[in-house]
Amino acid sequence: MSLAGCFGCHMSFLDIDERLFALIERVEFDRSPLTDLKAVGRCDIGLVEGGLCNAENVQVLREFRAHCKTLVAVGACAINGGLPAQRNHLRIDELLRAVYQQRDGLAAGAQVPDDPELPLPLNRVHPIHEVVHIDYSLPGCPPSADAFWQFLTDLMAGRTPQLGHGLMHYD
Ligand code: SF4
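The following paragraphs examine the structure supplied in this document. Keep in mind that this is a model prediction, so the values were computed, not measured. (Residues numbered from 1 in each chain as written. Predicted model: local features only at pLDDT ≥ 70, side-chain atom pairs only at ≥ 80, totals over all residues. Heavy atoms only, no water.)

## Topic: the environment of A157
Stated formally: Helix and strand labels come from DSSP, where a helix needs a run of H or I of at least four residues and a strand needs a run of E of at least two; each type is numbered from the N terminus.
Turning to its location among the elements, A157 is positioned in the segment after helix 6 (145-156). Distance from A157 to R19, taken between C-alpha atoms, is 16 Å for residues 138 residues apart in sequence.

Pasting the structure below:
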(Lines give C-alpha, C1' and ligand atoms only; values in the text may rest on other atoms or scores of the structure.)
Protein backbone atom coordinates (compact mmCIF):
# COMPACT_ATOMS: atom_id res chain seq x y z
CA MET A 1 0.00 0.00 0.00
CA SER A 2 1.03 3.59 -0.50
CA LEU A 3 1.00 6.18 2.30
CA ALA A 4 2.95 9.42 1.70
CA GLY A 5 4.55 7.85 -1.34
CA CYS A 6 4.70 8.71 -5.04
CA PHE A 7 3.67 5.26 -6.33
CA GLY A 8 7.18 4.94 -7.74
CA CYS A 9 7.89 1.94 -5.51
CA HIS A 10 4.77 0.24 -6.85
CA MET A 11 5.88 1.04 -10.40
CA SER A 12 9.27 -0.49 -9.71
CA PHE A 13 7.55 -3.59 -8.33
CA LEU A 14 5.64 -3.83 -11.63
CA ASP A 15 8.99 -3.59 -13.40
CA ILE A 16 9.56 -7.25 -12.55
CA ASP A 17 7.67 -7.53 -15.87
CA GLU A 18 6.91 -11.10 -16.96
CA ARG A 19 7.96 -12.41 -13.56
CA LEU A 20 4.58 -11.03 -12.40
CA PHE A 21 3.00 -14.07 -14.05
CA ALA A 22 5.13 -16.42 -11.96
CA LEU A 23 4.28 -14.36 -8.88
CA ILE A 24 0.52 -14.42 -9.33
CA GLU A 25 0.67 -18.20 -9.68
CA ARG A 26 1.94 -18.27 -6.11
CA VAL A 27 0.27 -15.37 -4.29
CA GLU A 28 -3.09 -13.73 -3.87
CA PHE A 29 -3.22 -9.95 -3.60
CA ASP A 30 -5.27 -8.39 -0.82
CA ARG A 31 -5.84 -4.65 -0.48
CA SER A 32 -3.46 -2.87 -2.82
CA PRO A 33 -3.52 0.00 -5.32
CA LEU A 34 -3.61 -2.79 -7.92
CA THR A 35 -6.81 -4.37 -6.58
CA ASP A 36 -10.21 -2.94 -5.82
CA LEU A 37 -10.41 -4.23 -2.25
CA LYS A 38 -11.28 -1.42 0.15
CA ALA A 39 -10.39 -3.16 3.43
CA VAL A 40 -7.39 -5.26 4.29
CA GLY A 41 -7.76 -8.93 5.24
CA ARG A 42 -5.25 -11.30 6.85
CA CYS A 43 -1.99 -11.29 4.91
CA ASP A 44 1.36 -13.00 5.15
CA ILE A 45 3.31 -10.12 3.67
CA GLY A 46 2.52 -6.39 3.69
CA LEU A 47 4.52 -3.99 1.54
CA VAL A 48 4.30 -0.34 2.57
CA GLU A 49 5.48 2.52 0.37
CA GLY A 50 5.65 6.06 1.72
CA GLY A 51 6.04 7.62 5.12
CA LEU A 52 3.36 9.20 7.29
CA CYS A 53 2.24 12.72 6.42
CA ASN A 54 -1.36 12.81 7.62
CA ALA A 55 -3.76 11.28 10.12
CA GLU A 56 -5.26 8.87 7.60
CA ASN A 57 -1.80 7.45 6.83
CA VAL A 58 -1.39 6.59 10.51
CA GLN A 59 -4.79 4.91 10.75
CA VAL A 60 -4.25 2.89 7.56
CA LEU A 61 -0.78 1.81 8.61
CA ARG A 62 -1.93 0.62 12.03
CA GLU A 63 -4.73 -1.39 10.46
CA PHE A 64 -2.37 -2.87 7.89
CA ARG A 65 0.15 -3.82 10.58
CA ALA A 66 -2.55 -5.59 12.57
CA HIS A 67 -3.43 -7.73 9.55
CA CYS A 68 0.04 -8.61 8.22
CA LYS A 69 2.34 -11.27 9.62
CA THR A 70 5.38 -9.68 8.03
CA LEU A 71 5.50 -5.96 7.33
CA VAL A 72 8.09 -4.49 4.98
CA ALA A 73 9.05 -0.80 4.76
CA VAL A 74 9.60 -0.38 1.03
CA GLY A 75 11.65 2.54 -0.26
CA ALA A 76 13.29 5.60 1.23
CA CYS A 77 10.02 7.31 2.20
CA ALA A 78 8.78 4.43 4.36
CA ILE A 79 12.24 3.82 5.83
CA ASN A 80 13.31 7.36 6.76
CA GLY A 81 10.57 9.70 5.51
CA GLY A 82 12.31 10.25 2.18
CA LEU A 83 12.27 13.47 0.22
CA PRO A 84 8.82 14.48 1.58
CA ALA A 85 10.45 14.76 5.01
CA GLN A 86 12.33 17.79 3.71
CA ARG A 87 9.28 19.71 4.86
CA ASN A 88 10.13 18.83 8.45
CA HIS A 89 12.16 21.98 9.01
CA LEU A 90 9.19 24.13 7.95
CA ARG A 91 5.95 24.87 9.77
CA ILE A 92 2.99 23.02 8.30
CA ASP A 93 0.56 25.91 8.84
CA GLU A 94 2.88 28.29 6.98
CA LEU A 95 3.32 25.75 4.17
CA LEU A 96 -0.43 25.33 3.73
CA ARG A 97 -0.99 29.07 3.68
CA ALA A 98 1.84 29.55 1.17
CA VAL A 99 0.30 27.00 -1.21
CA TYR A 100 -3.42 27.64 -0.76
CA GLN A 101 -3.62 31.34 0.12
CA GLN A 102 -0.50 33.24 -0.88
CA ARG A 103 0.62 31.68 -4.16
CA ASP A 104 0.41 33.76 -7.33
CA GLY A 105 -2.58 32.98 -9.51
CA LEU A 106 -5.03 31.87 -6.83
CA ALA A 107 -8.65 33.07 -6.94
CA ALA A 108 -9.49 35.91 -4.58
CA GLY A 109 -10.41 34.65 -1.12
CA ALA A 110 -8.73 31.25 -1.56
CA GLN A 111 -8.45 29.43 1.76
CA VAL A 112 -6.63 26.41 3.16
CA PRO A 113 -9.05 23.45 2.66
CA ASP A 114 -10.71 22.54 5.95
CA ASP A 115 -13.43 20.06 5.04
CA PRO A 116 -13.61 17.41 7.78
CA GLU A 117 -13.39 14.70 5.09
CA LEU A 118 -9.79 15.72 4.47
CA PRO A 119 -7.17 14.07 6.68
CA LEU A 120 -5.29 16.50 8.88
CA PRO A 121 -1.62 16.82 7.97
CA LEU A 122 0.92 15.89 10.66
CA ASN A 123 3.37 18.53 11.81
CA ARG A 124 6.22 16.34 10.57
CA VAL A 125 6.60 13.50 8.09
CA HIS A 126 7.50 10.29 9.91
CA PRO A 127 9.06 7.01 8.80
CA ILE A 128 6.71 4.13 9.46
CA HIS A 129 8.92 2.49 12.11
CA GLU A 130 8.10 5.41 14.41
CA VAL A 131 4.50 4.20 14.59
CA VAL A 132 4.49 0.43 14.03
CA HIS A 133 6.94 -2.44 14.24
CA ILE A 134 8.46 -3.34 10.89
CA ASP A 135 10.04 -6.68 10.09
CA TYR A 136 12.17 -5.74 7.09
CA SER A 137 13.29 -2.76 5.04
CA LEU A 138 13.77 -2.78 1.29
CA PRO A 139 15.83 0.35 0.51
CA GLY A 140 16.00 2.46 -2.62
CA CYS A 141 14.10 5.35 -4.20
CA PRO A 142 12.75 3.17 -5.54
CA PRO A 143 14.18 -0.32 -4.92
CA SER A 144 14.97 -1.92 -8.27
CA ALA A 145 12.74 -4.56 -9.80
CA ASP A 146 15.49 -7.12 -9.30
CA ALA A 147 15.70 -6.15 -5.63
CA PHE A 148 11.92 -6.64 -5.28
CA TRP A 149 12.16 -10.00 -6.97
CA GLN A 150 15.08 -11.24 -4.87
CA PHE A 151 13.44 -9.96 -1.69
CA LEU A 152 10.05 -11.53 -2.38
CA THR A 153 11.57 -14.79 -3.60
CA ASP A 154 13.49 -15.11 -0.35
CA LEU A 155 10.49 -14.21 1.80
CA MET A 156 8.19 -16.66 0.03
CA ALA A 157 10.78 -19.40 0.47
CA GLY A 158 10.87 -18.70 4.19
CA ARG A 159 14.38 -17.27 4.05
CA THR A 160 15.61 -14.01 5.55
CA PRO A 161 15.92 -11.76 2.49
CA GLN A 162 19.51 -11.21 1.38
CA LEU A 163 20.12 -8.46 -1.13
CA GLY A 164 23.45 -8.83 -2.85
CA HIS A 165 25.76 -5.89 -3.38
CA GLY A 166 24.25 -4.75 -6.69
CA LEU A 167 20.68 -4.77 -5.32
CA MET A 168 21.21 -2.72 -2.18
CA HIS A 169 21.09 1.02 -2.77
CA TYR A 170 19.49 4.05 -1.19
CA ASP A 171 19.01 6.34 -4.17
S1 SF4 B 1 10.94 5.84 -2.03
FE2 SF4 B 1 11.10 7.08 -3.89
S3 SF4 B 1 9.96 5.91 -5.42
FE4 SF4 B 1 9.33 5.12 -3.40
S5 SF4 B 1 7.53 6.31 -2.81
FE6 SF4 B 1 9.30 7.38 -1.97
S7 SF4 B 1 9.84 8.91 -3.54
FE8 SF4 B 1 8.52 7.40 -4.52
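## A few points about the environment of N54
Condition: Categorising residues by exposure relies on relative accessible area from a 1.4 Å probe, with only protein chains included: less than 20% of the type maximum marks a residue as buried, more than 50% marks it as exposed, and the intermediate range marks it as partly exposed.
One can find N54 in strand 2 (residues 52-54). Relative accessible area serves as the criterion here: at 13%, N54 is assigned to the buried category.

## Brief notes about the packing of aromatic side chains
We count it as follows: Only the six-membered ring of Trp is used, alongside the rings of Phe and Tyr, when aromatic pairs are assigned; centres must lie within 6.5 Å, and planes under 30 degrees apart are stacked while those over 60 apart are edge-to-face, with the rest tilted.
Considering all chains together, one arrives at 3 aromatic pairs under this definition. Measuring from ring centre to ring centre gives 5.8 Å for F13 and F148, while their planes differ by 65°; the resulting arrangement is edge-to-face. Of this pair, F13 sits in helix 1 (residues 8-14) while F148 is found in helix 6, placing the two residues 135 residues apart along the sequence. The structure contains a cluster of three or more aromatic residues connected by ring pairs, namely F13, F29 and F148.

## Brief notes about helix 6
Basically, it comes down to this: The span one expects for a helix is its residue count, reduced by one, times 1.5 Å.
The end-to-end C-alpha distance of helix 6, which contains 12 residues, comes to 16 Å, matching closely the 16 Å that a straight helix rising 1.5 Å per residue would cover. Looking one or two residues beyond helix 6, the residue adopting positive phi is G158, at roughly 80°.

## Structural notes on the state of the cysteines
This is how the line gets drawn: Any two cysteine sulfur atoms within 2.5 Å of one another count as a disulfide.
Tallied over the full model, the rule gives 0 disulfides. Of all cysteine sulfurs, the one in C68 lies closest to C43, which takes part in no disulfide; the gap is 4.5 Å. On the basis of relative accessibility, which here comes to 13%, the residue C43 falls in the buried class.

## Some thoughts on the layout of surface pockets
For the record, the criterion: Here a cavity means grid points, on a 1 Å grid over the protein atoms only, where a 1.4 Å probe fits yet cannot get out; a pocket means an open set of points with protein on both sides within 12 Å along at least five of seven lines; lining residues are those with an atom within 4 Å of a point. Grid points are joined across faces, edges and corners, and a volume is the space filled by probe spheres set on the points. Each residue receives one of three labels: charged for Asp, Glu, Lys and Arg, nonpolar for Ala, Val, Leu, Ile, Met, Phe, Trp, Tyr, Cys and Pro, and polar for the others, Gly being one of them.
Considered as a void within the structure, the largest pocket measures approximately 650 Å³ in volume. Forming the walls of the largest pocket are 26 residues, and the residues nearest its centre are E28, F29, D30, I45 and L47. Taken together, the elements giving at least two residues each to the lining of the largest pocket come down to helix 1, helix 2 (19-26), strand 1 (43-49) and helix 6. For the lining of the largest pocket, the element with the most residues is strand 1, which contributes 7 residues. Looking at side-chain class alone, the lining of the largest pocket contains 16 nonpolar, 3 polar and 7 charged residues. Size it by volume and the second largest pocket reaches roughly 230 Å³. Considering the residues around the second largest pocket, the lining is formed by 13 residues, among which L96, P113, L118, P119 and P121 are closest to the centre. Elements with a contribution of two residues or more to the lining of the second largest pocket: strand 2 and helix 5 (92-100).

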